[in-house]
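# Results of the structural survey
The primary structure of each chain is shown beneath.
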Amino acid sequence: MDNKTKLQKYKYLLWLLYVPAYFISFFALEKRNDVAFHFIHSSIDDSIPFCEYFIIPYYLWFAFIFVSVGLFIIFDFEGFKKLAWFLALGMTAFIIICYFWPNALQLRPSTADLAKDNICARIVKYLYKTDTPTNVFPSIHVYNTLCVEIAILKSRLPKKHPLVTVFVVILSTLIIAATVFLKQHSIIDVIGAFGMALLFYLPIYLPGDLKKLKEKKAAKTADDPAVKISEAVASPVEE
């Protein structure tokens, strides 16, 4: 690795400094109590039952995000650069949205639902004490899950380890479902996260998708027998 390559790598590792900057901004938002919150609610939320067992995939989110980012840094730095942009753009947009449009939920279950005598219910009660139902749109829990899932699916992993890919898709689905089954988010927050992921997917991954599609089409055209015959007819015959 030459000095220029090392410099570029260290430059992108500075993105890790974004993490504390984001958390400082987020906790500053969480401490605001002098604003009028816009409460988010959908009739679909009322039909989704509370289920404390979803606390397991909900907390697996932390390992999923940080372990995945670490592995990208070590084994696929080009993939990490795109993932870093993907995460940072959405998380910054989230901070801006919540600053100018304070939002909150009133979905959390009654005391009776949390009176169940099992460890998952106790963990949920701890979660509710430490995490306020404010600044929820769009769901960063869902958005970051989608970012990492997409980055993994765009990597070489699906071809090399298809079973790992299946595990990632299943875990991502459970994490996203956990946000609504634990009443941590409205379905509107989830839809907002999907919309934001699509928005930032376009500048980060779409150009590469179009390039691969063009190369694949060109390769397919080159292998077409009709094209080969046409080229043979068009080429001059050597005497």
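As shown above, the structure is provided for reference.
Residue numbers run consecutively from 1 along every chain, following the written order of its sequence. Under the rules for a predicted model, residues below a pLDDT of 70 receive no local features and side-chain atom pairs below 80 are neither given nor counted, while totals for whole chains, interfaces and linings still include all residues. Side-chain metrics rest on all non-hydrogen atoms present in the structure, leaving aside hydrogens and water.

### Here we look at the pattern of salt bridges
It is possible for side chains of opposite charge to pair when their charged atoms get near one another. The working definition used for a salt bridge is a side-chain nitrogen of Lys or Arg within 4 Å of a carboxyl oxygen of Asp or Glu. A complete count under the given rule lists four salt bridges for this structure. For Asp117, the salt bridge identified is with Arg122, shortest N-O distance 3.1 Å. Relative accessibility under 20% of the residue-type maximum defines a buried residue, over 50% an exposed one, and the middle range a partly exposed one, all with a 1.4 Å probe and only protein chains included. The class for Arg122 is partly exposed, based on a relative accessible area of 43%. A salt bridge links Lys154 to Asp209; the shortest N-O distance between them is 2.6 Å. Residue Lys154 is found in helix α7 (residues 140–154), and its partner Asp209 is found in helix α11 (residues 206–222); the two are separated by 55 residues along the sequence. Only DSSP runs of H or I covering at least 4 residues are called helices, and only runs of E covering at least 2 are called strands; the numbering of each starts at the N terminus.

### Some thoughts on unusual backbone geometry
Leaving glycine out, the prevailing phi sign among residues is negative, and the prevailing peptide bond configuration is trans. Look at the link from Phe137 to Pro138: it is a cis peptide, with omega at -15°. Position of Pro138 relative to the elements: it lies in the loop between α6 (119–130) and α7. The phi torsion at Lys183 lies on the positive side, around 60°, for a residue other than glycine. Overall, the relative accessible area of 9% leaves Lys183 in the buried class.

### Regarding the packing of helix α9 (residues 162–181) against helix α10 (residues 187–204)
Between α9 and α10, the least distance of the axes is 9 Å, while the angle of their chain directions is 145°. Contacts from Ile176, Thr179 and Val180 in α9 reach Ile187, Val190 and Phe194 in α10. Classification used: nonpolar for Ala, Val, Leu, Ile, Met, Phe, Trp, Tyr, Cys and Pro, charged for Asp, Glu, Lys and Arg, polar for all others including Gly. Taken together, the residues of the contact of α9 with α10 sort by class into five nonpolar, one polar and no charged. Axis angles are defined between N-to-C directions and span 0 to 180 degrees, where every axis is a line fitted to C-alpha atoms and, for a helix, only to the segment in contact. Contacts: residue pairs with any heavy atoms within 4.5 Å of one another.

### Points about α10
Given a helix with a known number of residues, its expected span is that number minus one, times 1.5 Å. Its 18 residues give α10 an end-to-end C-alpha distance of 26 Å, which sits within 8% of 26 Å, the value for a rise of 1.5 Å per residue. Among the residues of α10, Ile187, Asp189, Val190, Gly192, Ala193, Met196, Ala197, Phe200, Tyr201 and Ile204 are the ones counted as buried. Looking at where α10 begins, the residue whose side-chain oxygen comes 3.0 Å from the main-chain nitrogen of Ile188 is Ser186. Within 3.5 Å is the distance limit for a polar contact, defined as a pair of N or O atoms, with the added protein rule that one can donate a hydrogen and the other accept it, and that residues adjacent in sequence qualify only through two side-chain atoms.

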